[in-house]
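Chain residues, written in single-letter form:
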Amino acid sequence: MKAVLKQFIKPALVSLASRVGPHARTGKHPRLWLLMYHRILPNHDERYGQEEPGMLVRPETLEMHIQEMKRQFDLMPFAEWVGLSQAGLPVPKRACAITFDDGWLDNYEYAFPVLRAHSAPATLFAVAEKIGTDFQFWPNILAVLLLHGAKKELELHPLLQAYVQNLTDKVTADQVAEVIKHLKDHSDVDIFAALEQIGWRDLCEKYAGGMSPALMSWDQLREMQQSGLVDIGSHTCTHRRLTDALSPAELEYEIIHSKDVLERRLQSSVDLFCFPNGDYNDLALSLVKQHYRASVTTQRGINRTDNLNIHELTRIGLHDEVSSSRRLFRARLSGWV
Ligand SMILES: [Zn+2]
């Protein structure tokens, strides 16, 4: 059944969605498409092969997306849309805004030139205390170690062993994505503790010659902001998921302190927030409501003004596999596939 779905039904749905999805019509109520990007890398970059496919968009794909967005929508800064909406002013019938999560160095290297070339506005959600440091996200550490053959060493830790012991010796990117998905049952603190115990830095050095920096510097972030094209929002202090695994004090720290750090460093107000991994509990949501004008999740969907939840806005996640052609991109914008 799954194979049939893949071979026949999916392409038919993509074709239908690209032509008659909600993006192709003007509805009664204004709508907002929020597009979610993570990493922007050309496939000749060595970082491309070490990332989960679901995180990657090539610069030429981003460029095509922006052209397509400009043709089909009012492409505008997310903050401007929020401002209009909250002031009770009219918003475009079909608005679209670009968001980048985390603050990856490659966003500065590869996305920023594309944004500039097309005068395209965007919002970047930065991990406040990790910008300008040698921080690595745990999924990337795991990916580098597994793809470079350090499976045996990962098996030495009981928490990791359960997830990697059945992998073949030559681990694929899809297998890595599976491991990451299942490991999310554990807290970020526990996963990092396990990686510390097996000495991940030394292992990365030994197997892969180290890891290239994940995040951009403060100067790079400031340069993007000062271009006038990129607004900065908060993506917490440390990128821990905002679940019951965190104490109320930790939730406050992630949500409130990250705003302070960014505002002090960037000398401007920070009013937008993005939940890491799209996770939040009731307290996290209420703190975000108190301190930010709007926030975004990772739930897929198109936001409608007649049913707007400004602190749980939905987005359309983009990666190359689902959006590398105009037809695929349009189908993705339908919110159906
Ligand atoms: Zn993130």
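Residues numbered from 1 in each chain as written. Predicted model: local features only at pLDDT ≥ 70, side-chain atom pairs only at ≥ 80, totals over all residues.

Asker: Help me understand the overall build of the protein in this model?
Answerer: The number of helices and strands found in the protein is 15 helices and 11 strands. Against the compact-globule benchmark of 20 Å for 337 residues, the protein has a radius of gyration of 20 Å, which places it among compact chains. By principal-axis analysis of the C-alpha atoms, the protein measures approximately 60 × 50 × 40 Å. The contacts of the protein with a sequence gap of at least 6 include a subset with a gap of at least 24, amounting to 71%. (Helix = DSSP H or I, 4+ residues; strand = E, 2+ residues; numbered from the N terminus. Rg over C-alpha atoms; globule rule 2.2 N^0.38 Å. Contact = placed C-beta atoms within 7 Å.)

Asker: I would appreciate a short explanation of the pairing of strand E7 (residues 230–234) in the present structure.
Answerer: Regular strands show a simple pattern: their side chains alternate between the two faces of the sheet. Burial within E7 is extensive, with five of its five residues counted as buried. Of the two faces of E7, the one carrying Val230, Ile232 and Ser234 and the one carrying Asp231 and Gly233 are both buried. Relative to E7, strand E6 (residues 122–126) is paired through five bridges, and the arrangement is parallel. Looking at E7, one finds that Ala126 is bridged to Ser234. (Buried ≥ 20, exposed ≤ 12 C-beta atoms within 10 Å, placed from the backbone. Pairing = 2+ DSSP bridges.)

Asker: How should I be thinking about the packing of helix H12 (residues 248–266) against helix H13 (residues 282–291) in this particular structure?
Answerer: Packed helices, taken two at a time, are described by the angle their axes make and the gap between the axes. Following both chains from N to C, one finds H12 and H13 inclined at 30°, their axes separated by 10 Å at the closest point. Comparing the axis directions of H12 and H13 gives the class roughly parallel. The handedness of the crossing between H12 and H13 is right-handed. For the pair H12 and H13, contact is made by Pro248, Leu251, Glu252, Ile255, Ile256 and Lys259 and by Leu283, Ala284, Leu287, Val288 and His291, respectively. Grouping the constituent residues of the contact of H12 with H13 by class yields eight nonpolar, one polar and two charged. (Axes fitted to C-alpha atoms, helices over the stretch in contact; angles between N-to-C directions. Parallel < 35°, antiparallel > 145°, perpendicular 65-115°, else oblique. Left-handed = near helix turned anticlockwise from the far one by under 90°. Nonpolar A, V, L, I, M, F, W, Y, C, P; charged D, E, K, R; others polar.)

Asker: Would you mind going over unusual backbone geometry with me for this structure?
Answerer: Trans peptide bonds make up most of the peptide bonds, and negative phi angles are found at most residues other than glycine. Notably, Thr236 is not glycine yet its phi reads approximately 75°, a positive angle. In this structure, Thr236 sits in the loop between E7 and H12. On the basis of neighbour counts, which here come to 27 C-beta atoms within 10 Å, the residue Thr236 falls in the buried class. The backbone of Gln267 shows a phi angle near 55°, a positive value even though the residue is not glycine. Assignment of secondary structure puts Gln267 in the loop between H12 and strand E8 (272–274).

Asker: Please explain the domain arrangement of the protein as it appears in this structure.
Answerer: Quoted interface sizes are often the accessible area lost when the parts come together. When cut into domains, the protein gives domain 1 (28–134 + 215–333) and domain 2 (138–208). Counting from both sides, the interface comprises eight residues of domain 1 and, opposite them, 10 residues of domain 2. Its residues placed into classes, the side of domain 1 that touches domain 2 shows two nonpolar, two polar and four charged. (Domains from an automatic or database assignment.)

Asker: Where do I start with the environment of Tyr207 in this structure?
Answerer: Inspection of the secondary structure puts Tyr207 in helix H10 (residues 200–208). On the basis of neighbour count, Tyr207 is assigned to the partly exposed category, with 16 C-beta atoms found within 10 Å. For the pair Tyr207 and Ser187, spaced 20 residues apart in the sequence, the C-alpha separation amounts to 26 Å. For Tyr207, the contacting residues outside a window of four places in its chain are Leu145, His148, Gly149 and Ala150.

Asker: For this particular structure, what's the right way to read the nonpolar core?
Answerer: Taken as a class, soluble globular proteins show a tendency for nonpolar side chains to be buried jointly. Of all hydrophobic cores here, the largest spans 69 residues; its most connected members are Trp33, Leu34, Leu35 and Ala126. Take this core: its biggest share by element is six residues, from strand E1 (residues 31–37). When residues no more than four places from it in sequence are discounted, the contact partners of Trp33 are Phe73, Cys96, Ile302, Ile316 and Leu333. In this structure, Leu142, Leu147, Ile191 and Cys204 belong to the second largest nonpolar core, which totals 19 residues. (Core = buried A, V, L, I, M, F, W, Y, C linked by C-beta atoms within 7 Å.)

Asker: I would appreciate a short explanation of the pairing of E6 in the present structure.
Answerer: Of all the five residues making up E6, five are buried; the element is thus mostly covered by neighbouring parts of the structure. Every second residue of E6 is oriented toward a common face, with Ala122, Leu124 and Ala126 on one face and Thr123 and Phe125 on the other, all of them buried. By the bridge criterion, five bridges tie strand E5 (residues 94–102) to E6 in an arrangement that is parallel. Paired with Phe100 across the two strands is Leu124, which belongs to E6. Tracing the backbone out of E5, into helix H4 (residues 105–117) and back to the parallel element E6 gives a crossover that is right-handed. (Right-handed = clockwise from strand over helix to strand, strands pointing away.)

Asker: What exactly am I supposed to notice about the environment of Gly199 here?
Answerer: When you line up the elements, Gly199 lands in the loop between helix H9 (188–197) and H10. Its 13 C-beta neighbours within 10 Å are what place Gly199 among the partly exposed residues. For the pair formed by Gly199 and Leu154, sequence separation is 45 residues and the distance between their alpha carbons is 9.7 Å.

Asker: I keep staring at helix H15 (residues 326–333) and nothing clicks. Help me out?
Answerer: Three or four residues apart is the spacing at which side chains of an α-helix point the same way, because the helix has 3.6 residues per turn. For H15, every residue scored as buried is listed here: Phe329, Ala331, Arg332 and Leu333. After H15 finishes, the residue Gly335 shows a positive phi value of roughly 80°.

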